[in-house]
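# Structural overview for review
The lines below spell out each chain.
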Amino acid sequence: MTRIPVAAPDLSGNEERYVVEAIRSSWISSTGPFVGRFEREFAGLCGTRASIAVANGTLALHLALMTVDLRPGDEVLVPSLTYIATANAVRYCGAEPVFVDVDPHTWCMDPAKLEAAITRRTKGVIPVHLYGHPADMDAINHVAATHGLWVVEDAAEAHLARYKGRPVGGLGRIGVFSFYGNKVMTSGEGGAVTLDDRALEHRARLLRGQGVDPERRYFFPITGYNYRLTNVACAILCAQVERIGAIVERRRAIYARYRAALEGIPGIGFQPQAAWAEISPWLFCITVDAKAFGRTRDELMVLLAEQGIETRPFFRPLHRLPPFWEESRRRGEVLPVTDHLGESGLNLPTYTLMADADVERVARAIREARR
Ligand SMILES: Cc1ncc(COP(=O)(O)O)c(C=O)c1O
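Here is a short report on the structure shown in this document. Values in this document were obtained by computation on a predicted structure and should not be read as measured data. (Residues numbered from 1 in each chain as written. Predicted model: local features only at pLDDT ≥ 70, side-chain atom pairs only at ≥ 80, totals over all residues. Heavy atoms only, no water.)

## Describing the site of the ligand
For the ligand, the set of nearby residues contains 15 residues, the closest of which are G57, T58, D154, E157 and S178. Residue G57 places a main-chain N or O atom 2.8 Å away from an oxygen atom belonging to the ligand. Those elements that provide at least two residues to the shell around the ligand are α3 (57-67) and α4 (85-92). Its residues assigned to classes, the shell around the ligand comprises 5 nonpolar, 7 polar and 3 charged. (Near = heavy atom within 4 Å. Polar contact = N/O pair within 3.5 Å; in protein donor to acceptor, adjacent residues only side chain to side chain. Helix = DSSP H or I, 4+ residues; strand = E, 2+ residues; numbered from the N terminus. Nonpolar A, V, L, I, M, F, W, Y, C, P; charged D, E, K, R; others polar.)

## Topic: the side chain of H133
Tracing the sequence through the fold places H133 in the loop between β4 (122-125) and α5 (137-146). For H133, a relative accessible area of 0% puts it in the buried group. One polar contact links the side chain of H133 to the main-chain amide nitrogen of A274, over a distance of 3.1 Å. If we ignore the near neighbours within four places in the chain, the residues touching H133 are H105, T106, C108, Q271, P272, Q273, A274, W276, A277 and I279. (Buried < 20%, exposed > 50% of the residue type's maximum accessible area, 1.4 Å probe, protein only. Contact = heavy atoms within 4.5 Å.)

## Some points on the pattern of salt bridges
Applying the stated criterion across every chain yields a total of 27 salt bridges. A salt bridge links D110 to K113, with the shortest nitrogen-to-oxygen separation between them at 3.5 Å. What you see here is one network of salt bridges that share partners, running through E39, R49, E201, R205 and R208. (Salt bridge = Lys/Arg side-chain N within 4 Å of Asp/Glu carboxyl O.)

## Comments concerning a nonpolar patch on the surface
A contiguous nonpolar surface patch, about 320 Å² in accessible area, is contributed by V212, Y218 and F220. Relative to the helices and strands, V212 is located in the loop between α6 (198-208) and α7 (231-242). (Patch = residues over 30% accessible without salt bridge, like charges linked within 9 Å, V, L, I, M, F, W, Y side chains within 5 Å. Areas by Shrake-Rupley, 256 points an atom, 1.4 Å probe, with all protein chains shown as cover.)

## Section: α4
Among all positions in α4, only A85, T86, A87, A89 and V90 are buried. Residues of α4 that are buried in the fold lie against α3, β2 (75-79), β3 (96-100), β5 (150-154) and α11 (322-331). Two residues or fewer after α4 comes G94, characterised by a positive phi angle close to 80°.

In structure tokens, the structure reads:
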């Protein structure tokens, strides 16, 4: 019985060739032709004027928040149903994440719940395009503009997703992406920020590169960071960009196959899709209604694991985790949609090199697990 992992990178194109090229050229640090090439091409994919490659998605978030000048004591509105990096990056700036419930129709931040969470200290909003589904950006941008807040999109899981026909990453002031090994596009570790504004780009590039003045060597006008990505990682990303159409197409086919094979199983629910959303097919999602299915989500995970099928529970809501629970309780946050999804959601194996028969095997195992 072969094991089916929840994710696996697809490095079957020019990845190896370009990495060898980078090594043979001796450009293995963060200067070299693949860095600029990747930044141009990725900006093109996101419809932004520029993109800046960084060492991972968490640092991309931190860089974006420093670029919009988030300060100690400020507050930022974030969903609680997300990876912990979204909220950690806010804390890196000495600021506080304030949690907003998600919309059951998108699983992303609910724009109708934003206003009630705004205080005098609120400076910005970080909508997360969760599991590849874009957040309702027009509605979020409208509330943000009304209250003078910036918007940073966390698009770490949503490469090439579209909102009303427009790619994510260019819908707020700054967009943030991750290229971790399980993502639709990967360099193992890696990340990027995407943006249009020239002044913000200048500031973000300064902060990424130790704060060194591009015109004066060893002159540092600000305290910067080393958040750069290597030419070797960008070599892998350039090869991924070449095949991104095929990668997304194969993932879409896997999504369609899962959907057809799991349709009609009592207790199994699917990720909603808003009429204006084009989802990035990252990790196929189901929800398990324990009453109708006869087993809890966690019981199903154990049964699948016994058959060599790796799955992933949805993110544990951040307001239920030690770094955040006290502050959340003090604010009296009640997030029922987030809590429900956090308990019932499950990601199924999704990667391009997965065979159709593997998808069928996963679906069959789920069907047979029902009681
Ligand atoms: C929503 C979200 N934000 C941020 C990150 C952080 O990215 P990285 O793992 O590259 O640091 C991730 C995931 O990995 C994520 O899923």
